Amino acid sequence: MKNKRKQYVITTWQKLIIASLLVGFLAGALSISLKHITEHFEASLFEKTLINKLYLLVFPLIGLSVIYFLRHYLFKKKENKGIKEVFESTQSGKNLAAYKIPSHFVNGLITVGFGGSTGIEVSTVVSTAAIGNIAHKKERFLRKYKNELICAGIAAGITALFSSPLAGILFAYEVITKKMSKSFVIATGLSVTVAYSLLLLMNEPPLFKVAIPLWKWKAIPYFIVLGIIAGLNSVYLTKCVLVIKKLFSAVKKQSYKIMVGALSLSIVLLILPQLYGDGYHAIKENLESANTLLFTLPVALLLLGIIVMKPIITSITLGAGGDGGVFAPSIFIGAFLGLLVALLVNTFLHEDIIPLNFMIVGMAAMLSASIHAPLTALFLVCGVVNDYTLFFPLLIVCYVAKITSKMICPYNVYTYKEKTAHAR
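Cut-offs used in this document
Residues numbered from 1 in each chain as written. Predicted model: local features only at pLDDT ≥ 70, side-chain atom pairs only at ≥ 80, totals over all residues. Heavy atoms only, no water. Helix = DSSP H or I, 4+ residues; strand = E, 2+ residues; numbered from the N terminus. Buried < 20%, exposed > 50% of the residue type's maximum accessible area, 1.4 Å probe, protein only. Contact = heavy atoms within 4.5 Å. Areas by Shrake-Rupley, 256 points an atom, 1.4 Å probe, with all protein chains shown as cover. Domains from an automatic or database assignment. Buried area = accessible area lost by both parts, 1.4 Å probe. Phe/Tyr/Trp six-rings, centres within 6.5 Å; stacked < 30°, edge-to-face > 60°. Core = buried A, V, L, I, M, F, W, Y, C linked by side-chain atoms within 4.5 Å. Expected span 1.5 Å × (residues − 1). Polar contact = N/O pair within 3.5 Å; in protein donor to acceptor, adjacent residues only side chain to side chain. Axes fitted to C-alpha atoms, helices over the stretch in contact; angles between N-to-C directions. Left-handed = near helix turned anticlockwise from the far one by under 90°. Nonpolar A, V, L, I, M, F, W, Y, C, P; charged D, E, K, R; others polar.

Structural notes on the overall build of the protein
Now for step 1: A count of helical and extended segments in the protein gives 17 helices and zero strands.
Now for step 2: In terms of principal-axis extent, the alpha carbons of the protein reach across some 95 × 55 × 50 Å.
Now for step 3: Expressed as a percentage of the 424 residues in the protein, the buried residues total 58%.
Now for step 4: Contacts in the protein between residues at least 24 apart in sequence constitute 82% of all its contacts with a sequence separation of at least 6.
Now for step 5: In the form shown here, the protein has an accessible surface area of approximately 18900 Å², with 66% of it arising from carbon and sulfur atoms.

Notes on the domain arrangement of the protein
Now for step 1: Domains assigned within the protein are domain 1 (7-202) and domain 2 (217-408).
Now for step 2: Taking only C-alpha atoms into account, the centre of domain 1 sits 23 Å from that of domain 2.
Now for step 3: Across the contact, 41 residues belong to domain 1 and 40 residues belong to domain 2.
Now for step 4: Carbon and sulfur atoms supply 65% of the area that domain 1 and domain 2 bury against each other, a total of about 3400 Å² over both sides.

Quick word on the packing of aromatic side chains
Now for step 1: With the rule as written, the count across this model stands at 18 aromatic pairs.
Now for step 2: An angle of 80 degrees between the planes, with centres 5.4 Å apart, marks the rings of Phe 295 and Phe 348 as edge-to-face. In this pair, Phe 295 is assigned in the loop between helix H11 (280-289) and helix H12 (297-319) and Phe 348 in helix H13 (residues 327-348), connecting sequence segments 53 residues apart.
Now for step 3: The exposed category is assigned to Phe 348, whose relative accessible area is 53%.

Some thoughts on the nonpolar core
Now for step 1: Counting residues in hydrophobic clusters, the biggest one holds 132 residues, and the most contacted among them are Phe 162, Phe 171, Ile 283 and Tyr 414.
Now for step 2: The dominant element in this core, judged by the number of residues it contributes, is H13, at 14 residues.
Now for step 3: Among the domains, domain 1 (7-202) and domain 2 (217-408) are the pair contributing at least three residues each to this core.
Now for step 4: If we skip the residues at most four places from it in the chain, Phe 162 touches Glu 121, Leu 207, Tyr 280, Phe 327, Ile 331, Leu 380, Gly 383 and Val 384.

Things to note about helix H4 (residues 100-113)
Now for step 1: With 14 residues, H4 extends 19 Å from end C-alpha to end C-alpha; this agrees with the ideal 20 Å at 1.5 Å per step.
Now for step 2: If you check which residues of H4 are buried, you get Lys 100, Ile 101, Ser 103, His 104, Phe 105, Asn 107, Gly 108, Leu 109, Ile 110, Thr 111, Val 112 and Gly 113.
Now for step 3: After H4 finishes, the residue Gly 115 shows a positive phi value of roughly 100 degrees.

Focus on the environment of Glu 174
Now for step 1: Note that Glu 174 resides in helix H7 (residues 165-177).
Now for step 2: Considering only alpha carbons, one finds Glu 174 and Val 381, 207 residues apart in sequence, at a separation of 16 Å.
Now for step 3: Apart from residues no more than four positions distant in its own chain, Glu 174 is found in contact with Ala 373, Pro 374, Leu 375 and Thr 376.
Now for step 4: Polar contacts involving the side chain of Glu 174 include one to the side chain of Thr 376, which spans 2.6 Å.

Considering the packing of helix H15 (residues 374-385) against helix H16 (residues 391-408)
Now for step 1: Across the interface, H15 lies against H16 with an axial gap of 9 Å and an inter-helix angle of 145 degrees. Like other packed secondary-structure pairs, H15 and H16 cross with a definite hand, here right-handed. In this structure, H15 uses Pro 374, Leu 375, Ala 377, Leu 378, Phe 379, Val 381 and Cys 382 to contact H16, whose residues at the interface are Phe 391, Leu 394, Leu 395, Cys 398, Tyr 399 and Lys 402.
Now for step 2: Partitioned by chemical class, the residues of the contact of H15 with H16 number 12 nonpolar, no polar and one charged.

What follows is the structure, encoded as structure tokens:
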């Protein structure tokens, strides 16, 4: 008798595990690569503008023009819609095309590098979602796990950007799918594990290196006030993006959009160079000096100008064809909003609250209100500073900011069309 060999059959769950690990690796590697290339590119070009302001007159025009020609001749003449593309894919049978990976990667890099006042977070989310989408199409047995693999890619991408696995998983849950299942937990859990392991292997530092002092209970009421103000500002940001993008969409000739957008960007950046690119360079500088900064009229006007103009210049960047979203702008606005509130309280109410802490809490508050995802904002900000000292005030303020925002405006930039279409 011939001995029959027993064939080992790989189960569906084992196949999902293998696919999730692979998606996590590819998405994590893409996210880390985009982050480093963009940081280097942006820093190099921004340094040029500090030496010669005339570069600010040409960089936005170059960036928006290159993006247009790439889109026209290389990326099938289709505009990037941001995270709404992911919603369309997860909520219908529509797939994310493979070209979305290089399209968002390159366009995000060029937008931020040449001064577009947004960030690479949305570019990362869509390109990593496309990786998950491709994985589900490769094998028939994975087709029923399309949303899980898309979320796995997104979670790994966010983890790699902000050094926070929990933020990656929570973003995929709170913003993208809003559904929890065993397959979702397995796919996202494994993918963020791989992405975070890559960060550890590469000794990736946190985005902001700060030593956070212990907070005081007397600061809680002021934290809550900051959360309310952040909620109001998030509505302002949302309205700016929707209104200004609508105005740009009414312009038929792309050349006019590019010229108006580039000129507007150049003028604002000449006055407020802190708004160049994602603005993380400005946050880092102010985190270092926050606790020693004195309140003066010029300082107050500068901070107010940054807070007021950032939503406008971000909206112009997106309306003129730049790639990005409200993720980085929300973190940026929140940091300077927190700093302004702390300086006002210390100066006029004679308190002794810590401006650095208010900058950190402001980031989370504004992000939570802008994307309606308090837990994502909480763990993301703890990840970017690699410190959980402010966990309790962050938890409170994130929910205060979100509730304030939703009471005034029930939708955000991501959900606007979805809500209006439902209303019809």
